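Here's the letter readout for the chains.
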Amino acid sequence: MRDENPKTSKLLDVASAILAGSGGCLNIVLLNKALFYFDLHCLMEDGQVFTEHRYVALEHGPVLGEYERKLVKKLAKHGIATQESDGRAKPIKLLHEAEETSLSVEQRDLARRLGKKFAAMTSQEASDYSHLNLGWEMAWKEGLGGNPPQRGAAIIDMTIAMQQLLDEEEDDWLAAPFSDEEKKALQDLEESALSPW
């Protein structure tokens, strides 16, 4: 998607791919969480967040700063998606996925996977998951969740927030069974330990 602001174009490209992966419609709470985790994955893999936007700590988890203006209105302006009203829910419905995109194939795949993952969650489940994030927790306590609460929402430190992904990745690595190559290396190591130097 091409916008006069390159940061906006990037954001709309990611949102479009997330919505496509979700099946075409995602609650605004879930879309915000998917965007946050997309940027965290990019930070972990590429050393920088993709969208170049900041996230703030609200009670229900990380949210793109000024998302109503920067995301919802821009999606509508460019005819990509529209926000509907369903009681208290504010689902974002994809009208068409951006054909011209700033996303690499891998990034587009990641965005779609996150769309699918968050579409399977309730807003409460996504909020609970994001509350496990140390970056959100610290910013929440510094801002609106402080004692006393501060006047505005605090910005989340994405480097600290990335720890959640690193912890999950480490757990997966530790829980994975050894490959044949790893088993052979361990066996060779054990045999060499029995040999005299």
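Scoring rules and cut-offs
Starting afresh in each chain, residues are numbered from 1 along the sequence in its written order. For a predicted model such as this one, the threshold for reporting local features is a pLDDT of at least 70, and the threshold for listing and counting side-chain atom pairs is 80 or more; totals across whole chains, interfaces and linings nevertheless cover every residue. Excluded from the side-chain calculation are hydrogens and water; included are all heavy atoms of the structure. Grid spacing is 1 Å over the protein atoms alone, the probe is 1.4 Å, and a cavity is where that probe fits but cannot get out, while a pocket is an open set with protein on both sides within 12 Å along at least five of seven lines and lining residues have an atom within 4 Å of a point. Grid points are joined across faces, edges and corners, and a volume is the space filled by probe spheres set on the points. Per the convention used, a helix needs a DSSP run of H or I reaching at least four residues, while a strand needs a run of E reaching at least two, with both numbered from the N terminus. Side-chain classes follow a simple rule in which Ala, Val, Leu, Ile, Met, Phe, Trp, Tyr, Cys and Pro form the nonpolar group, Asp, Glu, Lys and Arg form the charged group, and the remainder, Gly included, forms the polar group. In this scheme, a residue with accessible area under 20% of its type's maximum is buried, one over 50% is exposed, and one in between is partly exposed, where area comes from a 1.4 Å probe on protein chains only. We define a nonpolar core as any set of buried Ala, Val, Leu, Ile, Met, Phe, Trp, Tyr and Cys residues linked to one another through side-chain atoms lying within 4.5 Å. In this description, contact between two residues means that some pair of their heavy atoms is separated by no more than 4.5 Å.

Visitor: Mind showing me how you'd approach the layout of surface pockets here?
Guide: A probe matching the size of a water molecule, rolled over the atoms, marks out where space remains unfilled. For the largest pocket, the calculated volume is near 380 Å³. Lining the largest pocket are 18 residues, and of these Asn27, Ile28, Val29, His60 and Ser123 sit closest to its centre. Elements with a minimum of two residues in the lining of the largest pocket: helix H2 (28–46), strand S3 (61–64), helix H3 (67–77) and helix H5 (123–130). Considering each element in turn, the lining of the largest pocket owes the most residues, 4 residues, to H2. Grouping the constituent residues of the lining of the largest pocket by class yields 6 nonpolar, 8 polar and 4 charged.

Visitor: Please clarify how unusual backbone geometry should be interpreted in this entry.
Guide: Omega for the peptide link from Asn147 to Pro148 comes to 5°, which places this bond in the cis form. In this structure, Glu52 takes a positive phi of about 65° despite not being glycine. Inspection of the secondary structure puts Glu52 in the loop between H2 and strand S2 (55–58). Its relative accessible area of 42% is what places Glu52 among the partly exposed residues. In this model, Glu66 sits at a positive phi of 55°, which is unusual for a non-glycine residue.

Visitor: I tried to follow the nonpolar core on my own but got confused; where do I start?
Guide: When a protein is soluble and globular, its nonpolar side chains tend to lie buried together. Counting 48 residues, the largest nonpolar core has Leu31, Leu35, Phe38, Leu71 and Ile156 as the members making the most contacts within it. A per-element tally of this core places H2 first, with 12 residues.

Visitor: What am I meant to see in the environment of Leu31 here?
Guide: Tracing the sequence through the fold places Leu31 in helix H2. Assessed through its relative accessible area of 0%, Leu31 is described here as buried. Among residues more than four places away in sequence, those in contact with Leu31 are Ala15, Ile18, Leu19, Leu26, Leu71 and Ile92.

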